[in-house]
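These are the residues of each chain, in order.
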Amino acid sequence: MLLHHAKRYISARIALLCTVFAGLFILALLAALYWVQKSYIALLLPLCVPVLCALLGYEYVYKPYKETEKLLTLFAAGYTVEDTLDMRYPLSPGTEAAVGRIRDIFVNREFISASKRQAQYLALQNQINPHFLYNTLEGIRSDAIVAGAQDIADMTEALSTFFRYTISNLENLVSLEEELHNVENYFRIQQYRFGERLQMRVEFDEGDKQELLRCHLLKLTLQPIVENAIIHGLEQKLADGLLRIRLELTVTRLLITVSDNGVGMPEQKVDELNAHLNAAYFETAKWQSSHGGIALINVNNRIKLLFGEEYGIYIYSVEGEGKDVRVTLPRALDDIEARRVAEGTARRGSV
Amino acid sequence: MREELFRMERVSCLENGATLLNNVNLHIFSGEIMGLLCINDVGLEALIGLMCVNTPLHFGRVYFFERLVNDYKHSGLDENPAAVIERRSRLVDSLTVSDNVFVLRGSFHEHIISRREMDRRFEAYARELGVPIAGDCYVDQLSAHERCVVEMLRAVNTGKRLIILRDLSSFLGDRELAEIQRLMARYAGRGVSFLYVCSHEKELSALCDRVAVLENGKIQKLAERGGQAALSLPRRRAREPRPLTREPDWQGPPALSFSGVDTPNLRGLSLSVYPGECVALIAQEEEAGDVISLALGEIQPRRGALSLAGKQARRLIAGSVAVIDEKPERRMVFPDLSYLDNLCFWADKRMPCLWRSRRILRSVAQEYYPVAGESIYAADIRYLPIKELYTLIYCRVAFAHPKAVVCLKPFDAIDLSLRQHVMGLIDMLCERGIAVLILSPSVSATSFFADRLLTTPKN
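Residues numbered from 1 in each chain as written. Chains lettered and ligands numbered in written order. Predicted model: local features only at pLDDT ≥ 70, side-chain atom pairs only at ≥ 80, totals over all residues. Heavy atoms only, no water.

Trainee: Is there a simple way to explain the pairing of strand β1 (residues 4-15) of chain B in this structure?
Mentor: Regular strands show a simple pattern: their side chains alternate between the two faces of the sheet. All names here are of chain B. In terms of burial, β1 is a largely internal element, ten of the twelve residues being buried. Bridge count for β1 against strand β2 (residues 18-29) is eight bridges, and the pairing is antiparallel. Bridge pairing links Glu15 to Ala18 in β2. Two successive antiparallel strands, β1 and β2, enclose a turn made up of two residues, where Asn16 displays a positive phi of approximately 50°. (Buried < 20%, exposed > 50% of the residue type's maximum accessible area, 1.4 Å probe, protein only. Helix = DSSP H or I, 4+ residues; strand = E, 2+ residues; numbered from the N terminus. Pairing = 2+ DSSP bridges.)

Trainee: Mind showing me how you'd approach the sheet that holds strand β11 (residues 256-262) of chain B here?
Mentor: All names here are of chain B. The strand order β12-β11-β14-β15 describes an open sheet built from four strands, whose pairing is antiparallel. Both outer strands of the open sheet, β12 (269-273) and β15 (311-313), are each paired with one neighbouring strand and no more. Strand-to-strand, the axes of this sheet are offset by a mean angle of 15°, without reference to chain direction. One ladder, built from five bridges, connects β11 with strand β14 (residues 303-308); its direction is antiparallel. Bridge pairing in β14 links Ser259 to Ala305. (Axes fitted to C-alpha atoms, helices over the stretch in contact; angles between N-to-C directions.)

Trainee: Would you explain the interface of chain B and chain A in this entry?
Mentor: How big an interface is tends to be expressed through the accessible area that disappears when the partners come together. Each side of the interface is counted separately: chain B has 33 residues, and chain A has 43 residues. Overall, the association of chain B and chain A removes approximately 3,300 Å² of surface from exposure, summing both partners, and the carbon and sulfur fraction of that is 44%. When the area that chain B buries against chain A is broken down by residue, the three leading residues are Met1(B), Arg10(B) and Lys221(B), summing to 20%. At the surface where chain B touches chain A, the tally comes to five salt bridges. Residue Glu9(B) is joined to Arg253(A) by a salt bridge in which the shortest nitrogen-to-oxygen separation is 3.2 Å. Applying the counting criterion to the chain B and chain A interface returns 18 residue pairs in polar contact (both at pLDDT 80 or more). Residue assignment for the side of chain B that touches chain A shows that the elements contributing at least two residues are β1, β2, β4 (59-64), β10 (218-224) and α7 (233-237) of chain B. Looking at which element gives the most residues to the side of chain B that touches chain A, the answer is β10(B), with six residues. Taken together, the residues of the side of chain B that touches chain A sort by class into eleven nonpolar, eight polar and 14 charged. (Contact = heavy atoms within 4.5 Å. Buried area = accessible area lost by both parts, 1.4 Å probe. Salt bridge = Lys/Arg side-chain N within 4 Å of Asp/Glu carboxyl O. Polar contact = N/O pair within 3.5 Å; in protein donor to acceptor, adjacent residues only side chain to side chain. Nonpolar A, V, L, I, M, F, W, Y, C, P; charged D, E, K, R; others polar.)

Trainee: Would you mind going over the packing of aromatic side chains with me for this structure?
Mentor: Two numbers describe a pair of aromatic rings. These are the distance of the centres and the angle of the planes. Within this structure, the stated rule accounts for 13 aromatic pairs over all chains. Ring geometry for Tyr34(A) versus Trp35(A): centroids 5.2 Å apart, planes at 90°, classification edge-to-face. Judged by relative accessible area, Tyr34(A) falls into the exposed class, the value being 62%. With relative accessibility at 41%, the residue Trp35(A) sits in the partly exposed group. Summarising the aromatic geometry, the rings of Tyr368(B) and Phe399(B) are spaced 5.9 Å apart at their centres and angled 75° between planes, so their arrangement reads as edge-to-face. In this pair, Tyr368(B) is assigned in helix α11 (residues 358-372) and Phe399(B) in helix α12 (residues 386-400), connecting sequence segments 31 residues apart. The pair formed by Tyr368(B) and Phe399(B) is uniform in burial state, with each residue classed as buried. Following the ring pairs from residue to residue traces out a cluster consisting of Phe6(B), Phe64(B) and Phe65(B). One Lys or Arg, Arg121(B), reaches over the ring of Phe102(B) and ends 4.4 Å from the middle of that ring. (Phe/Tyr/Trp six-rings, centres within 6.5 Å; stacked < 30°, edge-to-face > 60°. Lys NZ or Arg CZ within 6 Å of the ring centre and 35° of its normal.)

Trainee: Can you help me understand empty space enclosed by the protein in this one?
Mentor: The rolling of a water-molecule-sized probe over the atoms marks out the regions of remaining empty space. Under the defined criterion, the tally for this structure stands at four cavities of 30 Å³ or more. Of the voids in this model, the largest cavity is the one considered here, and its volume is about 140 Å³. Lining the largest cavity we find 14 residues, and of these Arg326(A), Thr328(A), Arg7(B), Glu9(B) and Asn25(B) sit closest to its centre. Put simply, the parts of the chain that give the lining of the largest cavity at least two residues each are β6 (312-317) and β7 (323-330) of chain A together with β1 and β2 of chain B. When grouped by side-chain class, the residues that make up the lining of the largest cavity number five nonpolar, four polar and five charged. (1 Å grid on protein atoms, 1.4 Å probe; cavity = no way out; pocket = protein on both sides within 12 Å on 5 of 7 lines; lining within 4 Å. Points joined across faces, edges and corners; volume = space filled by probe spheres on them.)

Okay, structure coming up:
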């Protein structure tokens, strides 16, 4: 039993080490007493045992303990959840059970908060009957066309499509093509406000186009980032604003960079926001209630929750020099693949 | 689809409680030339170190070829396929070039070495790349440029996929740099990636696909090729904007003049530097060495004439022209003396009773207080920051007030914030009517600063 537990638990390793030490020491002592008449060197035998045990202890107890300790420290500092819940060397079976219980609480809590937004959509959907909304918008559009107000007709159409995507479709994962289409639609609505002053460019390698557009990601990943770039970056800029969405595909990842040449952010705010984006997702509750940048944090939390801590958002910005929001996602060419990544993350969290 | 060679994800690194790297995210694709513009040096060593060896992290993950090689939970201390090329050589001087390239690598297991075969292989290799270096040449006979080329060949030959080039313009001339860049482009086409570390934005924007801006251990901004925003950052970031207050006296005689000077490494050098003027001479190491020897009065020209403040001389008198050496904070301060004693060190010839008179010393301290600040009263200068040591050296020159000062590579291998500081100090010398001659191997370091730019025929 002790040997079995010693494979994993630090407490069992300490117990095993003490047992080995005691046994070896007695043996060495007996051997020394037996051989001492022939050679005094035999007296060194009991001294070798502590050295051997110290080496074993360093390798099999101290190093795993340091790793666990570091994980717990980082967990306390708000850096990571996943790895702490999945630690290689728990202190004892009791600690492991306690961590398991904490994990259950987290998972439930996070599922509750993740589904909260979904529930908000549902509530919104119930309050505003989507068909009633679409019909009304369609009515406005028809009247506008009849009256020759093409701008109003186009704007109404864009708004209707935007609502249709946001409210009606309750699928969690969508293709990048759909997401880009929604962003372009949203951008069209914003362009009615800003006119030609605002431009958007989507850039990618032509060779990757087919694969890129097939990639699956969380619904409403890009639109909140684009909205943030327009409202906090470009709106306050007097000169022309350019929004660039750069898409890159690697063997395992989809990298999306949303850049604006707007007013940028002060260093302190960038640091603060990045620290929160980097922190474990439950750490961001306080930030949400008192600061801006909620949209980015929400998107980041959803990505981390679904795909794991190695994915998410990072911000590069300098005041007066614009902002780049880098989104790192798993490369999932279809819904099934995306769900497999998500399930992998969930399994890691629940092992 | 691009192959991601290197990725650093949310990496934080601490040392003795100080944060060296703070939440750093960086990725480099295969075959990409990535630039790293350093506003200051904080975290640079740690960043390069982590690219080469998997040392412990405070937090974050490092990937090579999309495979996790280092994370905060476990660091294997093993090496990554990355090599650094910098001023310091990593070759064995007493061995030949082909020994360094072919023999000194882990995968070399042959028991009998055919030198002729190895040299022949190296020469074929070098010829293919258009690099005229002989395989049997000893490393200590190579020039800095050749050494860099050999290091690059060696890195590629030993399977390194990421080559970090650090401050090459601080010791290579423009022509040599262009040659290295040609090789970089060639290897980039074969999938080798480069991280080009430099503090000159023009150099980076001309060469790199993307540029990351490093400041205080953080990547502040990423700029794609053609995106000028991030590259204009350093100028905007200069905390003390440099007012152009220089007013050279071009009417009077030049403070320092060389007319048709011949030395072992110079042929017919003619140049004049006027009081208050800053002239940059783009010269190779040995040419710069001769100019310094002439300025120090160590040699006299074989032919031609020198003049100081309009007076011709066969040889300059030692001490009449000041020389500020490369890396002066290491070579030109006396750690056992106080700040004030260091400051007055060159002025004792002008004022013999300087050391005895407390009144004069007090007056000197008062005069230089606006430039040096509280540090001027420091009794122990060993713990002063590097900026303060630079201030001390330039103030020493200003106080000694020579007609001219020759500065050897004043902007090379220093970070951007220190560069701004040194510019301010050189301006201070010019404002005091001292002629400044800057010797540098590359244009990029000086072109934006000097009043005139001269170059020797070799460059």
